[in-house]
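Listed below are the residues making up each chain.
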Amino acid sequence: MSLEQAREAIAEASYVAFFTGAGMSTESGIPTFRGSGGLWEGFRPEELATPGAFASSPRRVWDWYCWRRQKVAEAVPHAGHLAVADYLERHPGGVVTQNVDGLHQRSGCPEVIELHGSLWRRRCQVCDLEEPDDSTEYPELPVCSSCGGSFRPGVVWFGESLPPGPWGQAPKLLQRADVIIVVGTSAVVEPAASLVGWSRSEATTVIEVNPDPAHGGAVLQIAQGAGEALPRLLL
Ligand code: OAD
């Protein structure tokens, strides 16, 4: 399929779904998880993004999340985010994202399902109270106003299940789509990596945007960054 045919498929679609990963935010200055310059390069994930790491060093893990919040707070959505938001303002569709940065929402996307939680929320480890949180430093580690339990970041860590709400909603959103645009994911972290494959039908047109395409099953792979490819595809 050519780019022009992909644009036609999008123009004829009754519902377009976007499935995004860390590469969606690269051009906003937020490092990806894997690959050169990836977030995990300088840090071992098992030292920071696991329940065990948090249990043994909550201060270190919170400091890392506060640092990430600071980086994301300084970032702005790029032309690719804006093209998706603009498209969804005018057409039926939605976003399923593995990202926790909230940039799709900040760019104005009406419907975003967050599979891996959000940097901008915290959850009580005892009573599960969840609340918004934009702190970029904690002189004292945060405790729950309701039960006094310790708060943890509102994200999914290695070895944890995906939150049941988003995990239930995501396949429904993807199944509605006649076109699924997969952007910026290495498609290695399960179960999110398999979600598009499970949800699509044979008739679904899957398009991938990634300078280093990784997603099998796409009829068109656009080997460009999201900021360049998405406006060309959508506007
Ligand atoms: P990865 O870091 O694994 O992959 C990022 C992908 O983005 C790679 O395939 C890059 O080629 C691509 N990429 C880089 N620059 C890009 C650009 N400008 N435009 C488009 N694509 C670009 O990120 P994810 O697949 O999202 O999970 O990682 C999945 C999960 O692994 C994350 O959600 C996180 C991590 O562990 C949790 O935190 C639970």
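Residues numbered from 1 in each chain as written. Predicted model: local features only at pLDDT ≥ 70, side-chain atom pairs only at ≥ 80, totals over all residues. Heavy atoms only, no water.

Caption draft 1: Structural detail: the overall build of the protein chain. Within the protein chain, the secondary structure is distributed over 9 helices and 9 strands. For 235 residues, the compact-globule formula gives about 18 Å, and the C-alpha radius of gyration of the protein chain, at 18 Å, lands near that figure. Structurally, the protein chain occupies a C-alpha span of about 55 × 35 × 30 Å along its principal axes. Excluding contacts between residues fewer than 6 apart, the proportion of contacts in the protein chain whose partners are at least 24 apart in sequence is 65%. Here the protein chain has roughly 10,700 Å² of accessible surface; of this, 51% comes from carbon and sulfur atoms. Mean positive and mean negative side-chain charge positions of the protein chain (18 and 28 charges, respectively) differ by 3 Å. (Helix = DSSP H or I, 4+ residues; strand = E, 2+ residues; numbered from the N terminus. Rg over C-alpha atoms; globule rule 2.2 N^0.38 Å. Contact = heavy atoms within 4.5 Å. Areas by Shrake-Rupley, 256 points an atom, 1.4 Å probe, with all protein chains shown as cover. Lys, Arg positive; Asp, Glu negative; His and termini not counted. Charge placed at Lys NZ, Arg CZ, Asp CG, Glu CD.)

Caption draft 2: Spotlight on the packing of helix α7 (residues 164-176) against helix α8 (residues 192-199). Orientation of α7 relative to α8, taken along the N-to-C sense of each, is 40°, at an axis distance of 9 Å. Here α8 runs oblique to α7, going by the angle between their axes. Of the two possible hands of crossing, α7 and α8 adopt the one that is right-handed. Of the residues in α8, those in contact with W167, A170, P171, L174 and Q175 of α7 are L195, V196, W198 and S199. The class makeup of the residues in the contact of α7 with α8 is 7 nonpolar, 2 polar and no charged. (Axes fitted to C-alpha atoms, helices over the stretch in contact; angles between N-to-C directions. Parallel < 35°, antiparallel > 145°, perpendicular 65-115°, else oblique. Left-handed = near helix turned anticlockwise from the far one by under 90°. Nonpolar A, V, L, I, M, F, W, Y, C, P; charged D, E, K, R; others polar.)

Caption draft 3: The arrangement of the sheet that holds strand β9 (residues 220-222) in detail. Here we have 6 strands laid out as an open sheet, ordered β3-β2-β1-β7-β8-β9, and parallel in their pairing. Each end of this open sheet is capped by a strand with a single partner; those strands are β3 (112-114) and β9. Averaged over all neighbouring strand pairs, the angle between strand axes comes to 20°, with direction disregarded. Pairing geometry for strand β1 (residues 16-20) and strand β7 (residues 179-183), over 5 bridges, is parallel. Along β7, the bridge assignment pairs V16 with V179. (Pairing = 2+ DSSP bridges.)

Caption draft 4: Local environment of empty space enclosed by the protein. Using the criterion set out here, one finds 2 cavities of 30 Å³ or more in the structure. Its volume calculated, the largest cavity comes out at about 140 Å³. Looking at the largest cavity, it is lined by 14 residues, and the ones nearest its centre are I30, P31, F33, R68 and D101. For the lining of the largest cavity, the per-class residue count stands at 9 nonpolar, 2 polar and 3 charged. Looking at the second largest cavity, the residues that line it are T97, N99, D101, G102, L103, H104, Q105 and E114. (1 Å grid on protein atoms, 1.4 Å probe; cavity = no way out; pocket = protein on both sides within 12 Å on 5 of 7 lines; lining within 4 Å. Points joined across faces, edges and corners; volume = space filled by probe spheres on them.)

Caption draft 5: Quick look at the site of the ligand. Surrounding the ligand, one finds 23 residues, the nearest of these being E27, R34, T185, S186 and N210. A distance of 2.7 Å is found between an oxygen atom of the ligand and a side-chain nitrogen or oxygen belonging to H116. N210 places a polar side-chain atom, nitrogen or oxygen, 2.7 Å from an oxygen atom of the ligand. If the ligand stood free it would expose 800 Å²; the protein chains cover 89% of that surface. (Near = heavy atom within 4 Å. Polar contact = N/O pair within 3.5 Å; in protein donor to acceptor, adjacent residues only side chain to side chain.)

Caption draft 6: Broad picture of the nonpolar core. Counting 27 residues, the largest nonpolar core has I10, F18, I181, I207, L230, L233 and L234 as the members making the most contacts within it. Setting aside its immediate chain neighbours within four residues, I207 contacts A6, I10, V179, I180, I181, V182, A218, L220, I222 and L233. Grouped together as the second largest cluster of nonpolar side chains are 22 residues, F54, V100, L103 and V155 included. (Core = buried A, V, L, I, M, F, W, Y, C linked by side-chain atoms within 4.5 Å. Buried < 20%, exposed > 50% of the residue type's maximum accessible area, 1.4 Å probe, protein only.)

Caption draft 7: Seen up close, the layout of surface pockets. Taken as a whole, the largest pocket encloses approximately 830 Å³ of empty space. Lining the largest pocket are 42 residues, and of these A22, F33, R34, Q98 and S186 lie nearest its centre. Its residues placed into classes, the lining of the largest pocket shows 20 nonpolar, 16 polar and 6 charged. In this structure, the second largest pocket spans a volume of roughly 180 Å³. Forming the boundary of the second largest pocket are 15 residues, of which R123, G154, V155, V156 and P163 lie nearest the centre.

Caption draft 8: Summary view of helix α9 (residues 226-234). Burial analysis of α9 places 7 of its 9 residues in the buried class, which makes it a mostly covered element. All of the buried residues in α9 are A226, G227, A229, L230, P231, L233 and L234. Looking at the buried positions of α9, the neighbouring elements they touch are α1 (3-12), β1, α5 (79-90), β7, β8 (205-209) and β9.

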